[in-house]
Structure formats: C-alpha cells, structure tokens
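Structural description and commentary
Here is what each chain is made of, one letter per residue.
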Amino acid sequence: MNCPTPQEAPCDTAVASRNLTIGLPRCVNSSEQRFPLTPEAVSSLVERGFRVIMEENAAAHIHYTDAAYQRAGAEIVPRRRTLESDIVIHLAPLPLEDIASLRKGALLLTLANFSRDNAAEVIRRLLDRHIINIAIDLIADEAGHLPFADILSEIDGRAATVLASSMMADPVNGKGILLGGVSGVIPCEVVILGSNLAACAAARSAVGLGATVRMFDDDVYRLRRALRRIGEGVIGSSVHPNALENALRTADVVIATSLRCRVVVDAEGERIMKKGVLVYDLTDEPGRAFPAMPLVDLGCSKACPQTSGKHCCHYNVGSAVPRTAAMALSDTFITMLDEIVHTGYRTSAIQLTGGMQRAALTFLGKVVNRKAAEIAGVRYTDINLLLSLS
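For the structure given in this document, a descriptive report is provided here. Just so it is clear, the structure is predicted and the values come from calculations on it, not from any experiment. (Residues numbered from 1 in each chain as written. Predicted model: local features only at pLDDT ≥ 70, side-chain atom pairs only at ≥ 80, totals over all residues. Heavy atoms only, no water.)

The next thing to look at is the pattern of salt bridges. Under the defined criterion, the tally for this structure stands at 18 salt bridges. Where Glu268 meets Arg271, a salt bridge forms, and the shortest distance between an N and an O atom there is 2.7 Å. Placement of both Glu268 and Arg271 in helix H11 (residues 267-271) is noted, with a separation of 3 residues, approximately one turn of the helix. (Salt bridge = Lys/Arg side-chain N within 4 Å of Asp/Glu carboxyl O. Helix = DSSP H or I, 4+ residues; strand = E, 2+ residues; numbered from the N terminus.)

In structure tokens:
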C-alpha cells in the first residue's frame with residue numbers, strides 16, 4: 001500500500017506576515033478631510049489576515065460610523081495604540097508629539113507633504129525613530145504610472161469643475177448662472193492651465209456640463225495627446241502671452257494644474273479678470289500661480305466661500321469630496337498592502353516592491369529622498385546602497 005506523499009508545511013514567515021497590524025489614527029489636521037479606508041476596504045484587509053485598529057471617530061469626515069468599521073472587523077482603540085501598529089496610515093503629516101509614539105522601524109504611509117510648514121522637524125523626528133516613511137503619491141508601478149497620485153489628480157480635476165458649477169449657480173455667493181448655459185444663453189468659459197490627468201478630468205467634466213473650455217500647455221506634444229483623449233469640445237493652445245491674457249479676460253472659471261513653465265497671474269493679471277471669476281489651484285504649490293489672491297482651503301470647515309466680486313484662489317479641492325477620495329484610495333491601498341504581505345514584510349522595507357522603495361522618504365534612520373534631504377538639511381542616502389548592505 002502506497003503512503004501519501006508528505007506535503008510541505010506552510011512557511012512560518014508567511015504566516016507571521018499575515019499578523020500585521022494597520023493603525024488608523026484620526027487626522028487632527030483641519031485641512032485634511034480625506035480618510036484612507038472605507039469599512040468595505042477594512043473588511044477585505046481583515047479577510048486577508050491583517051488586524052485593523054482605529055481611533056474613535058477617525059472616519060467622521062466621510063460620514064462612516066465606528067459601528068460600521070467594527071462590523072467590518074476593525075477594533076476601536078485609543079489613539080496611542082493605533083500609532084504603535086506595524087503599519088500606520090495617516091495622509092497628512094503626523095503631529096510631532098505623535099511621532100514619538102510610533103514603534104521603532106514601523107512603516108508610515110503618508111502623502112509626500114513637502115510643502116508642510118514644519119517639514120524639516122518632522123523628517124528629523126522620523127529619523128530618530130528609524131521610521132520607514134513611504135509617500136504614497138510617489139509610488140510608481142512597473143509601467144511608470146502613479147496609482148495613488150493619478151487617482152487623486154483625477155478626483156481634483158473633476159471636483160474643481162463640479163464645485164465651480166455649484167458655486168456659479170449659487171444665487172447668494174455666486175452669480176446664479178449655469179456653467180453650461182441653455183438654448184439662447186451663452187455658456188460659461190473655463191480656462192485650464194496644463195494638460196495633465198487633473199486637467200483632462202476637469203476638461204471632460206466641464207465639456208459634459210456644456211461649458212466652453214480652453215486648455216493651455218507649454219508642452220505641445222502633451223497638449224496634443226490630451227486633446228485626443230478628451231475628444232471634441234476643447235480648444236487647445238500653447239502658452240502664448242496674448243492668447244492667455246485674452247482667455248483670462250473672459251474666463252468664468254480658471255483651473256491651474258502643473259506646467260513645465262511657470263505661469264504667474266500677478267495683480268495686474270487679476271485686474272483684467274471678470275468679477276466673480278472662480279479660481280482653483282490643483283498644483284503642489286497652491287497660490288504660486290496667483291500670488292495676489294488670498295488662498296481658500298476647501299478642506300477646512302472654517303473656510304469661507306467666495307463671495308461675488310472677490311477673487312480668491314481655492315485649493316485642496318480633493319478634501320471637499322472626501323468620501324469619493326476614500327473609496328478610490330481604498331482600492332489602491334488593498335492592492336499595495338497585498339504586495340506587502342506577498343513580499344513577507346514585517347520589520348523592514350527590504351522586500352518591498354521597487355515602486356515603494358523609490359517612494360521612500362526615510363528609511364531606518366536615513367533620508368533616501370533628495371527633496372526631503374534638502375528640506376531637512378541632512379545628507380541624502382541612496383536606498384539601493386542601504387539595501388545592498390543589508
């Protein structure tokens with residue numbers, strides 16, 4: 001009688017990797033309304049073997065209750081316990097006092113947040129704790145796409161157009177008019193600076209609402225590709241001073257996205273713009289393109305809406321639609337955390353994918369991102385050198 005062939009026992013390392021804890025502290029930054037995971041995403045992660053622990057009312061901004069997360073398998077715990085997790089997800093910069101509570105060598109997932117006021121001190125504190133800080137918006141896949149940054153850019157573009165349409169129609173704070181007009185009524189004009197993903201998303205939404213859309217870019221090849229993707233309905237132009245000035249003169253909505261060249265609408269440029277024009281800045285440096293306009297953070301609940309006749313620059317548009325952002329981010333986080341499990345991550349980022357390694361800001365006591373090193377005034381270290389010595 002033949003004996004059955006012995007089967008290999010499951011690897012202990014693989015089992016251990018599925019005991020990782022994910023901490024979700026409540027964001028105390030009034031400017032950041034987005035939350036990384038929905039209850040459905042938490043349920044998927046728990047099924048995959050993760051343990052998700054969350055601070056009370058952490059998802060209040062996206063209108064999900066603690067009970068919804070508990071039903072999905074999350075544990076509601078004090079803030080300090082979430083910070084002691086293997087993986088901590090907090091989109092905005094962590095307050096300095098919270099960094100001291102992070103477990104040494106833990107993985108911290110944030111946005112790059114290069115423009116934060118206390119960036120240098122945050123980076124130094126992370127170095128002291130040997131934290132592996134991954135900027136999710138810098139993560140690239142094998143094809144060179146930026147899954148987190150791309151989805152956030154698309155949300156920003158669509159949200160800018162939707163918010164502009166709503167504010168334009170507001171009879172008290174806006175003009176009380178439709179963005180797209182109607183038969184016999186000329187539609188509003190939307191000027192978009194740039195032709196990246198956010199610009200294309202804004203243009204599609206504006207065209208769909210019936211607006212007249214003009215798109216400007218200094219890169220003619222990128223502009224051509226964008227116009228082909230969008231289809232008919234968008235007027236494309238290079239950044240010619242006279243053409244741009246004429247467009248700004250008649251624009252009802254101006255949406256700025258990233259450009260290779262720097263376009264600055266100074267005080268003189270602002271004076272030629274119509275009364276009540278709505279301005280949105282979707283770049284990483286809000287206000288740089290419109291230095292004479294006061295900034296309005298749409299993520300801040302205390303932000304005052306623009307009143308008719310006053311020019312101001314609206315930014316942080318994605319935080320105005322935080323639940324959509326949470327749903328979009330959740331799918332991407334599930335894919336990323338699956339990759340972490342499959343690589344056997346536990347206490348170091350050595351086995352993280354190449355895309356995650358390239359998105360690292362700090363790695364076990366070293367700054368491995370050139371811009372972060374410049375901001376903190378410390379020496380930059382190539383992460384590949386650290387990995388080769390490990």
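Size it by volume and the second largest pocket reaches roughly 240 Å³. The wall of the second largest pocket is formed by 15 residues, among which Ile139, Ala140, Asp141, Glu339 and Thr353 lie closest to the centre. Contributions of two or more residues to the lining of the second largest pocket are made by helix H7 (147-169), helix H12 (322-342) and helix H13 (354-358). (1 Å grid on protein atoms, 1.4 Å probe; cavity = no way out; pocket = protein on both sides within 12 Å on 5 of 7 lines; lining within 4 Å. Points joined across faces, edges and corners; volume = space filled by probe spheres on them.)

All right, on to the sheet that holds strand E2 (residues 51-55) then. Within a sheet, adjacent strands bond to each other through the backbone by hydrogen bonds, running parallel or antiparallel. With mixed pairing, the 8 strands of this open sheet are ordered in space as E3-E2-E1-E4-E5-E6-E14-E15. Bordering the open sheet on either side are strand E3 (75-77) and strand E15 (366-367), each of which pairs with just one other strand. Here 4 bridges tie strand E5 (residues 107-110) to strand E6 (residues 132-135), and the two strands are oriented parallel to one another. Bridge assignment links Thr110 to a residue of E6, and that residue is Ala135. (Pairing = 2+ DSSP bridges.)

One way to put it is that helix H8 (residues 197-208) packs onto helix H9 (residues 220-230) with a least axis distance of 10 Å and a crossing angle of 35°. The interaxial crossing formed by H8 with H9 has right-handed handedness. Of the residues in H9, those in contact with Cys200, Ala203 and Arg204 of H8 are Ala226, Arg229 and Ile230. Within the contact of H8 with H9, the residues separate by chemical class into 4 nonpolar, no polar and 2 charged. (Axes fitted to C-alpha atoms, helices over the stretch in contact; angles between N-to-C directions. Left-handed = near helix turned anticlockwise from the far one by under 90°. Contact = heavy atoms within 4.5 Å. Nonpolar A, V, L, I, M, F, W, Y, C, P; charged D, E, K, R; others polar.)

Before going further, it helps to examine the environment of Leu197. Residue position: Leu197 is located in helix H8. Residue classification places Leu197 among the partly exposed residues on the basis of a relative accessible area of 35%. Taking C-alpha positions, Leu197 is 9.5 Å from Asp156, a pair spaced 41 residues apart along the chain. Leu197 has contacts with Asp150, Ser153 and Glu154, leaving out every residue within four places of it along the chain. (Buried < 20%, exposed > 50% of the residue type's maximum accessible area, 1.4 Å probe, protein only.)

Across the sheet, which stays open at both edges, the 7 strands sit in the order E9-E8-E7-E10-E11-E13-E12 with parallel pairing between neighbours. In the strand order of this sheet, the two ends are held by strand E9 (234-238) and strand E12 (295-297), each with one partner. The mean angle between the axes of side-by-side strands here comes to 20°, regardless of whether they run parallel or antiparallel. Strand direction decides the pairing type here: strand E7 (residues 189-193) and strand E8 (residues 212-217), joined by 5 bridges, are parallel. From the neighbouring strand, Glu189 faces E8, where its bridge partner is Thr212. Sheet contacts for H7: strand E10 (253-256), strand E11 (278-281) and strand E13 (313-315); angle to E11, the most-contacted strand, approximately 160°. On top of the sheet, H9 reaches E8 and E9; it is set at about 175° to E9, its chief contact.

Take the pairing of strand E1 (residues 21-24) next. Residue alternation in E1 divides its side chains into two sets, Thr21 and Gly23 and Ile22 and Leu24, and both sets are buried. The pairing of E1 with E2 spans 4 bridges and is parallel. Bridging across to E2, Gly23 finds its partner in Ile53. Crossover connection from E1 via helix H2 (residues 39-47) to parallel E2: handedness right-handed. Pairing between E1 and strand E4 (residues 87-89): 2 bridges, direction parallel. Paired with Gly23 across the strands is Val88, a residue of E4. (Right-handed = clockwise from strand over helix to strand, strands pointing away.)

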